[in-house]
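# Coordinates in review
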Amino acid sequence: LEKLKSQNLHDICQFNLDGKIVLLRPIDKTDNTASLLLEWRNKEWNWFNTKFIGTLERTKKWIIDIENTPNKILFFVICDGEKIGHFGIHLYNSDENSIVIWNVLKGVKNSSPNLMEHALKKLFRWIFLELKISTIYLTVDSDNWKAIRLYEKCGMQTIGTTPLKRIITNDGWEWVKTKLESENSYPERYRNRMKIQ
């Protein structure tokens, strides 16, 4: 991943979907990218682990943090030159030769309906064949049925759930793992863990 990041805008794959060229490309550090990521996050805040007041400066810092983390990368999904969404990989585990998919988001809703499915399948293929990874994991909120259906179409299966509670922070909140006190207690939300091998 470090090598890939150092190659600047190196597409990991390109494919044709309904006559359109789709690229998977590492994100860049431009102001345009930061503005776009901020706009998408503010629209889809409910599906993120944390809710806070987003700013351009905060988003730029987040992009730099990704850049400076060796085992973390975020890719744009680009369709006919337009940035449509993003997803990334991180948390390589050498003991089981696995990685985690994170930050899957379709920011432009009126684009090709199957775009993210095809893009994720291409990403999975690249991870298995090029990176020689054995297992891919991801987590998704159990009430995010649309995302779960997408991941299932890509071959992922739910292997467990984690109860969550919401902790209020200075400028929003964060979902954290919780322990159920009894069989009659209920969490505020569950998070599914999914995998594909």
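Shown above is the structure to which this text applies.
Residues numbered from 1 in each chain as written. Predicted model: local features only at pLDDT ≥ 70, side-chain atom pairs only at ≥ 80, totals over all residues. Heavy atoms only, no water.

### Brief notes about the packing of helix 2 (residues 31-43) against helix 3 (residues 56-68)
The condition that has to hold: Axis angles are defined between N-to-C directions and span 0 to 180 degrees, where every axis is a line fitted to C-alpha atoms and, for a helix, only to the segment in contact. Under the DSSP-based scheme used, a helix requires at least four consecutive residues in state H or I and a strand at least two consecutive residues in state E, with every element numbered from the N terminus. Roughly parallel refers to an angle under 35 degrees, roughly antiparallel to one over 145, roughly perpendicular to one between 65 and 115, and oblique to any angle outside these ranges. Contacts were defined at the residue level, with two residues in contact if any of their heavy atoms lie within 4.5 Å. Residues are grouped as follows: Ala, Val, Leu, Ile, Met, Phe, Trp, Tyr, Cys and Pro are nonpolar; Asp, Glu, Lys and Arg are charged; all remaining types, including Gly, are polar.
Where helix 2 meets helix 3, the axes come as close as 9 Å, and the angle between the chain directions of the two elements is 110 degrees. The pairing of helix 2 with helix 3 is recorded here as roughly perpendicular in orientation. Note on element contacts: helix 3 touches helix 2 through L56, T59, K60, W62 and I63, opposite D31, T33, A34, S35, L37 and L38. Looking at the contact of helix 2 with helix 3 residue by residue, the classes come out as six nonpolar, three polar and two charged.

### A look at the layout of surface pockets
Filter applied, for reference: Using a 1 Å grid laid over the protein atoms alone, points where a 1.4 Å probe fits but cannot get out form a cavity; open sets with protein on both sides within 12 Å along at least 5 of 7 lines form a pocket; any residue with an atom within 4 Å of a point counts as lining. Grid points are joined across faces, edges and corners, and a volume is the space filled by probe spheres set on the points.
Of the pockets and cavities examined, the largest pocket occupies roughly 1,500 Å³. Forming the boundary of the largest pocket are 45 residues, of which W47, F48, N103, V104 and L105 lie nearest the centre. Among the elements of the structure, helix 2, helix 3, strand 5 (82-93), strand 6 (98-106), helix 4 (115-129), strand 7 (135-141) and helix 5 (145-153) are those that each provide at least two residues to the lining of the largest pocket. With seven residues, strand 6 is the largest single contributor of residues to the lining of the largest pocket.

### Side note on the nonpolar core
Nonpolar side chains tend toward joint burial in soluble globular proteins. Basically, it comes down to this: We call a set of buried Ala, Val, Leu, Ile, Met, Phe, Trp, Tyr and Cys residues a nonpolar core when their side-chain atoms join them within 4.5 Å. Under the scheme applied here, a residue whose accessible area is under 20% of the maximum for its type counts as buried, over 50% as exposed, and between as partly exposed, the area being computed with a 1.4 Å probe on protein chains only.
F75, F87, I89, I101, L123, I127 and Y151 are the most contacted members of the largest nonpolar core, which has 51 residues in total. A per-element tally of this core places helix 4 first, with eight residues. Setting aside anything within four residues of it in sequence, one finds L123 in contact with I12, L24, F75, F87, I89 and I101.

### Things to note about the sheet that holds strand 5
The condition that has to hold: For two strands to count as paired, DSSP must find a minimum of two bridges between them.
Ordered in space as 1-2-4-5-6-7-10-8-9-3, the ten strands form an open sheet in which the pairing is mixed. The open sheet terminates on both sides in strands that have one partner only, identified here as strand 1 (13-17) and strand 3 (50-51). Of the pairings in the sheet, the one linking strand 4 (residues 73-79) to strand 5 comprises seven bridges and is antiparallel in character. In the strand pairing of strand 5, F76 is matched with H86. In the packing of helix 4 onto the sheet, contacts are made with strand 1, strand 2 (20-26), strand 4, strand 5, strand 6, strand 7 and strand 10 (189-196), and the angle to strand 5 comes to roughly 35 degrees. Of the strands in this sheet, strand 6, strand 7 and strand 10 are in contact with helix 5, which crosses strand 7 at around 165 degrees.

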